[in-house]
Amino acid sequence: AGVTRGRDRTFRTDRLPTGVTIGLSRRTVPWGGGLRLGGRVSGAGVSGMSVVLEQQRFPQDQGFTRVGTARTGSDGGYLFTIPSLYTTTRFRVLTSTQVVATSPVATARSAVKVGARARHYARRRAAIEGTVIPGVHGTATLQRYRRGVGWRQAKFKTVAPSDELRTRYRFKVWRPRPRRPAVAYRVVMAPVRGAHVRGISRAVKVRPRPRR
């Protein structure tokens, strides 16, 4: 009977993601600081695909909750911005497709912020004191810098929070003798294992004793 051809018809294949990568701009974030999360979706039809960011905050006794959504670029790449991180948090990214692809879990750790200052309250004595944010239990370690050796422990003490927002510490030290160089100190705060990780203060200097 011969050959008869119908008119052309077109159809669009469904999106089929095969994997999702995830990366953090930094894995340790100072308390209250921000970070970015980015990655790429692989598979078919990944351009313009909707992806969902989920988080699970410490102590991770609850499930993941949705944080936001984004659209992938032409290469399947995506980017999320977290403006402030106040506790150690786990993140993952999922595709909004019939066949769901899920990224590995990435953990961003919240580091306590440690302030420090040197106060010269007597001719021979000084104090290194400051505030840790937020209020945590843990160990404050005073470190002294020695040329050719580096930072070495000088003193340590167990500290407790004054309130939910801050923990205070204070170390007494001897001032160097006249004509000796100033001595540099810093404080390392190691919280009890939990929502935060250790933080390090800036270096501060204790000046020599004044001459009589």
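Residues numbered from 1 in each chain as written. Predicted model: local features only at pLDDT ≥ 70, side-chain atom pairs only at ≥ 80, totals over all residues. Heavy atoms only, no water.

*Asks:* Can you lay out the overall build of the chain for me, pointing to particular residues and giving the numbers?
*Replies:* Secondary structure assignment for the chain yields 0 helices and 19 strands. Over its C-alpha trace the chain gives a radius of gyration of 27 Å, far above what one expects of a compact globule, namely 17 Å for 212 residues. Its C-alpha atoms put the chain at 120 × 35 × 25 Å along the principal axes. By residue count, 38% of the 212 residues in the chain fall in the buried class. Pairs at least 24 apart in sequence give 63% of the contacts found in the chain among residues at least 6 apart. Positive and negative charge centroids in the chain, built from 44 and 8 side chains respectively, lie 24 Å apart. (Helix = DSSP H or I, 4+ residues; strand = E, 2+ residues; numbered from the N terminus. Rg over C-alpha atoms; globule rule 2.2 N^0.38 Å. Buried < 20%, exposed > 50% of the residue type's maximum accessible area, 1.4 Å probe, protein only. Contact = heavy atoms within 4.5 Å. Lys, Arg positive; Asp, Glu negative; His and termini not counted. Charge placed at Lys NZ, Arg CZ, Asp CG, Glu CD.)

*Asks:* Tell me what's going on with the nonpolar core, and back it up with residues and numbers.
*Replies:* Among soluble globular proteins, nonpolar side chains are generally buried collectively. With 21 residues, the main nonpolar core has Leu35, Leu37, Phe80, Phe91 and Val93 as its most contacted residues. The set of elements that each furnish at least two residues to this core consists of strand E4 (35-44), strand E5 (50-57), strand E7 (77-82), strand E8 (89-95) and strand E9 (106-111). Residues contacting Phe80, with those up to four places away along its chain left out, are Leu35, Arg36, Leu37, Val51, Val52, Leu53, Gly68, Thr69, Ala70 and Val93. (Core = buried A, V, L, I, M, F, W, Y, C linked by side-chain atoms within 4.5 Å.)

*Asks:* Explain the environment of Gly32 to me, and be specific about the residues and the numbers.
*Replies:* Along the chain, Gly32 falls in the loop between strand E3 (28-30) and E4. Exposure remark for Gly32: the relative accessible area of 25% places this residue in the partly exposed category. In this structure the C-alpha to C-alpha distance between Gly32 and Lys113, which are 81 residues apart in sequence, comes to 9.0 Å. Among all residues touching Gly32, those that are not within four sequence positions of it are Pro83, Ser84, Leu85 and Tyr86.

*Asks:* Describe the side chain of Thr141, with residues and values.
*Replies:* Considering the arrangement of structural elements, one finds Thr141 in strand E13 (residues 138-146). A relative accessible area of 14% places Thr141 in the buried class. The residues touching Thr141, leaving out its near neighbours within four places in the chain, are Gln153, Lys155, Phe156, Phe171, Arg186, Val187 and Val188.

*Asks:* Run through the pairing of E9, naming residues and quoting values.
*Replies:* Pairing of E3 with E9 involves 3 bridges; the strand directions are parallel. Residue pairing for E9: Thr28 is matched across the bridge by Arg109. (Pairing = 2+ DSSP bridges.)

*Asks:* Please provide a residue-by-residue account of the pattern of salt bridges, values included.
*Replies:* Opposite charge on two side chains makes pairing possible when the charged atoms of those side chains draw close. Inspection of every chain in the model, using the stated rule, returns 6 salt bridges. Here Arg40 and Asp75 are joined by a salt bridge, their closest N and O atoms 2.8 Å apart. Residue Arg40 is found in strand E4, and its partner Asp75 is found in the loop between strand E6 (65-71) and E7; the two are separated by 35 residues along the sequence. Between Asp163 and Arg166 there is a salt bridge, with the nearest N and O atoms lying 3.0 Å from each other. Taking the relative accessible area as the measure of exposure, Arg166 reaches 24% and is therefore partly exposed. (Salt bridge = Lys/Arg side-chain N within 4 Å of Asp/Glu carboxyl O.)

*Asks:* For the packing of aromatic side chains, give the residues involved together with the corresponding values.
*Replies:* Tallied over the full model, the rule gives 4 aromatic pairs. Judged by centre distance (5.0 Å) and plane angle (70°), the ring pair of Trp31 and Tyr86 falls under edge-to-face. Separated by 55 residues along the polypeptide, Trp31 in the loop between E3 and E4 and Tyr86 in the loop between E7 and E8 bring together distant segments of the chain. Its relative accessible area of 21% is what places Trp31 among the partly exposed residues. For Tyr86, a relative accessible area of 44% translates into the label partly exposed. (Phe/Tyr/Trp six-rings, centres within 6.5 Å; stacked < 30°, edge-to-face > 60°.)

*Asks:* Any chance you could break down the environment of Glu164 for me, citing the residues and the numbers?
*Replies:* By the secondary structure assignment, Glu164 is in the loop between strand E14 (150-159) and strand E15 (167-174). When the C-alpha positions of Glu164 and Val105 are compared, they lie 29 Å apart, and in sequence the two are 59 residues distant. Those residues in contact with Glu164 that lie beyond four places of it in its chain are Pro134 and Gly135.

*Asks:* Mind laying out the pairing of E8, listing which residues take part and the relevant values?
*Replies:* Taken residue by residue, a regular strand's side chains alternate between the two faces of the sheet. Taking burial as the measure, the 7 residues of E8 include 5 buried ones, the bulk of the element. Note: E8 against E9, 3 bridges, orientation antiparallel. The residue bridging Arg90 from the neighbouring strand is Thr107, located in E9.

*Asks:* An account of the side chain of Gln55 is needed here, citing residue identities and associated values.
*Replies:* Tracing the backbone through its elements, the reader meets Gln55 in strand E5. A relative accessible area of 14% places Gln55 in the buried class. When near neighbours in sequence (up to four residues on either side) are disregarded, Gln55 contacts Gly63, Phe64, Thr65, Val67, Thr89, Arg90 and Phe91.

*Asks:* Before we move on, could you go through the environment of Leu24 and cite the residues and values that matter?
*Replies:* You can see Leu24 is positioned in strand E2 (residues 23-24). Sequence separation between Leu24 and Gly39 is 15 residues, and the spatial gap between their C-alpha atoms is 8.8 Å.

Honestly, it's all geometry; don't read function into it.
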